[in-house]
Amino acid sequence: MKIALVTDAWQPQVNGVVTTLVELVRELRGLGHQVKVVEPNQFDTRPCPGYAGIDLAVRPKRRVAELLDAFQPDAIHVATEGPLGWAARGYCVKQRLQFTTAFHTKFPEIVNAATKFVPVALGYVVMRHFHAPSSGIMVPTQSVLRMLERRGFRNLRAWTHGVDTALFEYRGQVEDWPPLGDLPRPLALFVGRVSYEKNIEAFLSMEFAGSKVVCGVGPVEAQLKQRHPHVKWVGLLPRDRLAQLYAAADVFVFPSHADTFGLVMVEAMASGTPVAAFPVDGPLEVLGKRDGAGRTLGGAMHDDLKLACAAALEVPRSEARARALDFSWAQAAQMFEGHLVPARPGGHAPAPLTNVNKLSPNGSTLS
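Residues numbered from 1 in each chain as written. Predicted model: local features only at pLDDT ≥ 70, side-chain atom pairs only at ≥ 80, totals over all residues. Heavy atoms only, no water.

**A closer look at a positive patch on the surface**
Taken together, the side chains of Arg128, Arg146, Arg150, Arg151 and Arg154 define a basic patch exposed on the protein surface. In this structure, Arg154 sits in the loop between helix 6 (142-150) and strand 8 (156-158). (Patch = residues over 30% accessible without salt bridge, like charges linked within 9 Å, V, L, I, M, F, W, Y side chains within 5 Å. Areas by Shrake-Rupley, 256 points an atom, 1.4 Å probe, with all protein chains shown as cover. Salt bridge = Lys/Arg side-chain N within 4 Å of Asp/Glu carboxyl O. Lys, Arg positive; Asp, Glu negative; His and termini not counted. Charge placed at Lys NZ, Arg CZ, Asp CG, Glu CD. Helix = DSSP H or I, 4+ residues; strand = E, 2+ residues; numbered from the N terminus.)

Here it is in structure tokens:
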């Protein structure tokens, strides 16, 4: 099957959406599909205001139409709500083609956090308009799906994410990573964009009897470095070195309230590092599985991040790894494939898989 995937997020950008889409394309091609990725490197671009490192296509409408006309896809998936996403949406509506979309990012919350004046509710009006013609909106967690239902979104489809358990290899014991030197233990790690919506200040200002490490770059990096000089900042790392850093941490801290999933949590757990987080969208899905004693596997959640860290430090590394194994890119690709629709009446697209239309709170599938 010929699948067109249109995305404003692609390499060399570094974020969870890019990782998800790169892994998805790799899996789909492994299943024998021909995948055409329409992404910013094929267009004239300008930097996204306030987000260095993210380039957006400029006036992409005609070029998007040319690429899709030439490819003649069996199925079209619009992954993001940026300029390329809007151009592909317009193309499909004009041509009366069916397509699917995805809700990867809570842009209304991000814009509100960055501007301090654009209401979240207004942002969701725009998002709802964008996704309205979609034949299926793929959503990574049940909690986000329910939130979108309450906000009037329709045609929602549960779709999980995965993790590369070979790259993020399990370490039964915390390993030293030379670039960190002799930082006092325990070591608490944050990985992600150093941006408005990540709530990093909650991590940086938290009382912690050990050391804090931040891996990532972003628009609020300079001001946070100035306010927190005792934090170890390691910048952006290639994936192989990131795996080493995960394995060197005693606890991974995820302070965000705005993420729809939080892929970095699963990567940390795959390495054996337990996660501390607030009980919000993302962590509720990733850490939502409980054992017979009522404990959250893979880490701990609490409204007090300090208490979440203390509890997570008691979670065996083997349990963190076991929870990560519940997520696979192969399963994510199969679910994605099952949610696709034929672009044209009578066209070819796979029938939905019987066990992927719903996700349980612990990430397993429900028929």
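**Some points on the pairing of strand 9 (residues 187-191)**
A regular strand places its side chains on the two faces of the sheet in alternate fashion. Counting buried residues in strand 9 gives five out of five residues, a clear majority hidden from the surface. The alternating pattern of strand 9 places Leu187, Leu189 and Val191 on one face and Ala188 and Phe190 on the opposite face, and all of these are buried. In terms of strand pairing, strand 9 meets strand 10 (residues 211-215) through five bridges, oriented parallel. Its bridge partner being in strand 10, Leu189 is matched across the sheet by Val213. (Buried < 20%, exposed > 50% of the residue type's maximum accessible area, 1.4 Å probe, protein only. Pairing = 2+ DSSP bridges.)

**Re helix 6**
Taken residue by residue, helix 6 has Gln142, Ser143, Val144, Leu145, Met147 and Leu148 as its buried positions. Remark: Gly152 follows helix 6 within two positions and exhibits a positive phi of approximately 90 degrees.

**Examining the side chain of Arg317**
Relative to the elements of secondary structure, Arg317 occurs in helix 13 (residues 317-324). Among buried charged residues, Arg317 stands out as having no salt bridge; its nearest opposite-charge side chain is Asp250, 5.8 Å away. A distance of 3.4 Å separates a polar atom in the side chain of Arg317 from the backbone oxygen of Gly272. Non-local contacts of Arg317, meaning those with residues more than four positions away in its chain, are made with Tyr170, Arg171, Gly172, Gln173, Val174, Tyr246, Ala247, Ala249, Ser271, Gly272, Thr273 and Pro274. (Polar contact = N/O pair within 3.5 Å; in protein donor to acceptor, adjacent residues only side chain to side chain. Contact = heavy atoms within 4.5 Å.)

**Some words on the environment of Pro186**
Within the element layout of this structure, Pro186 appears in the loop between strand 8 and strand 9. The exposure class assigned to Pro186 is partly exposed, which follows from its relative accessible area of 23%. For the pair Pro186 and Ala324, spaced 138 residues apart in sequence, the C-alpha to C-alpha distance is 22 Å. Beyond its immediate sequence surroundings of up to four residues, Pro186 is in contact with Phe208, Ala209, Gly210, Ser211, Asp250 and Leu313.

**Topic: the nonpolar core**
Membership of the largest hydrophobic core comes to 59 residues, with the highest contact counts inside it found for Leu189, Leu245, Tyr246 and Phe252. Top contributing element to this core by residue count: helix 10 (residues 263-270), with seven residues. When near neighbours in sequence (up to four residues on either side) are disregarded, Leu245 contacts Trp177, Leu180, Leu189, Val213, Cys215, Val234 and Leu237. Of all hydrophobic cores here, the second largest spans 23 residues; its members include Met206, Val220, Ala300 and Cys309. (Core = buried A, V, L, I, M, F, W, Y, C linked by side-chain atoms within 4.5 Å.)

**Observations concerning the environment of Phe278**
Along the polypeptide, Phe278 turns up in the loop between strand 13 (275-277) and helix 11 (283-286). Expressed as a C-alpha distance, the spacing of Phe278 and Phe261, which sit 17 residues apart in the sequence, is 13 Å. Apart from the residues lying within four places of it in its own chain, the contact partners of Phe278 are Asn199, Ala202, Phe254, Pro255, His257, Pro283, Met301, His302, Asp303 and Leu305.

**A short note on helix 12 (residues 305-312)**
Count 3.6 residues to each turn of an α-helix, and residues three or four apart come out pointing the same way. Of the residues making up helix 12, those classed as buried are Leu305, Ala308, Cys309 and Ala312. In a view along the axis of helix 12, the buried residues occupy a sector of 100 degrees, so they form one face of it. At its buried positions, helix 12 is contacted by helix 7 (200-204), strand 12 (251-254), strand 13 and strand 14 (299-301). Residue Asp304 occupies the N-cap position of helix 12, its side-chain oxygen lying 2.9 Å from the main-chain nitrogen of Lys306. (Arc of directions from axis to C-beta.)

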